[in-house]
Structure formats: C-alpha cells, structure tokens
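# Coordinate inspection notes
Here are the chains, one letter per residue:
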Amino acid sequence: MQNIAIKRVTLDDITVLQKIGRETFFETFSNSNSEENMQQYLEDGFSVKKLTEELGNRNSEFYFAVHDEYVIGYLKLNYGRSQTELKNEASLEIERIYVLQKYQGKKIGQILYEKAIQIAHDKQVKYVWLGVWEQNLRAINFYKKNDFIEFDKHIFKLGNDAQTDIMMKKNITI
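Report follows, based on the coordinates. (Residues numbered from 1 in each chain as written. Predicted model: local features only at pLDDT ≥ 70, side-chain atom pairs only at ≥ 80, totals over all residues. Heavy atoms only, no water.)

## Some remarks on the pairing of strand 5 (residues 127-133)
Here is the rule we go by: When accessible area is computed with a 1.4 Å probe and restricted to protein chains, residues below 20% of their type maximum are described as buried, those above 50% as exposed, and intermediate ones as partly exposed. Working definition: helices are DSSP H or I runs of at least four residues, strands are E runs of at least two. Numbering for both runs from the N terminus. Being paired, for any two strands, means DSSP has found at least two bridges between them. Consider the strands pointing away from the viewer: the crossover is right-handed when the path from the first strand over the helix to the second runs clockwise.
With respect to burial, strand 5 is a largely interior element, six of its seven residues being buried. Two strands pair when backbone bridges link them, and strand 4 (residues 91-99) and strand 5 are joined in this way by three bridges, in the parallel orientation. Within strand 5, the position partnered with Glu93 by the bridge is Trp129. Following the chain from strand 4 across helix 4 (residues 108-122) to the adjacent parallel strand 5, one finds a crossover that is right-handed. Note: strand 5 against strand 7 (residues 161-171), seven bridges, orientation antiparallel. Across the sheet, Tyr127 pairs through a bridge with Asn171, a residue of strand 7.

## Observations concerning helix 5 (residues 137-145)
How we decide: An arc is given here, and it is the one of the directions from the helix axis to the C-beta atoms. The contact rule is simple, with two residues in contact once any of their heavy atoms fall within 4.5 Å.
Buried residues of helix 5: Ala139, Ile140, Phe142 and Tyr143, and no others. Buried residues in helix 5, looked at end-on, bunch into an arc of 160°, giving them a common side. The exposed set on the far side of helix 5, more than 90 degrees from its buried face, consists of Leu137, Arg138 and Lys145. Where the residues of helix 5 are buried, they touch strand 4, helix 4, strand 5 and strand 7. Of the residues trailing helix 5, Asp147 is marked for its positive phi of about 70°.

## Observations regarding the side chain of Lys115
Within the secondary structure layout, Lys115 lies in helix 4. In this structure, Lys115 is in contact with Ile6, Tyr63 and Leu75, ignoring residues within four places of it in sequence.

Here it is, written out as structure tokens:
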C-alpha cells in the first residue's frame, strides 16, 4: 500500500487515538475474550485520563499510520523508566503495533515496525523488546520474521483474566 504517512501523536489527537486504540484492540481480541473483560479493558486502557497521562510521558511516544488522511493504525513505544517490564536504559519497548483489520496484510504493521527500529537506532539502544499474547500467532510470526527471539514470559491482565505474554527481543547494532 502506498502513501502511508507516519505522524507523531500529540494531545490534540487524543480522541482519534482513543478511537483507533479501542477499535483495533477490539478487532484483534474480542473473539478470544469475554465481553465483560473486553469492555473493562477498553474503558480502562483507553480512557481519556490514561491516554492523557501516556501522551504526557516524555519516555513514551505514539505514532499514527495515516492513509488518505485516515488513521489506519498506530504504534506506541516506551523507553527508560516508562517500559512496562525491563526498564533498562539500553532498551526500547514496542508496547503496541495495531492496524485496522481491513488494512492488515498490506505492510502497514511493517511500516510502523520500521519506524520503531529507526527510533531505536536514533536512541542508540542495544535491543528492542515486546510482549505478545501467546495465542496471537499472527503477531508472533510477524516478530519472528523480523528477527525477534523469545526470552521470557509475563502475565497480562485483561479484566479478570490472567493471560500469558511471550516476551521477545531483537538486538540492535549501532
């Protein structure tokens, strides 16, 4: 797919971020989770308050993938103390890469991923890491294709459901 712009998200974009975040998360996980757990996570994880805090955090960045002025996906990165687990100054976390279902398979995720790797090089980190739900085989295969390797596991809470995420990382050559 051509004409994809990557745009840094600002506080002015919070309504669009909330919409794309909820929509892509729901599309990705609603078939595998209870309605109650999904609803709770969508309300809590994408509340204006939470997104305002995340956008105001100097160690987190969001980027939109835009096609014809329409946001079709997004990326969230964390570094330093804002990382959800490792909190290592020599690493960068890809917390989220989500693309609307109708745009999947069109290399949008790859474009967002390449933006993350570019930022990792700019920040001169030693590795990039992430957590991916063990049942999300499409995402696991995407990261393996991009040379990520499994190194640990952690628990992700979706409502009252404790789910296992596979932690994966990729070394970055500076």
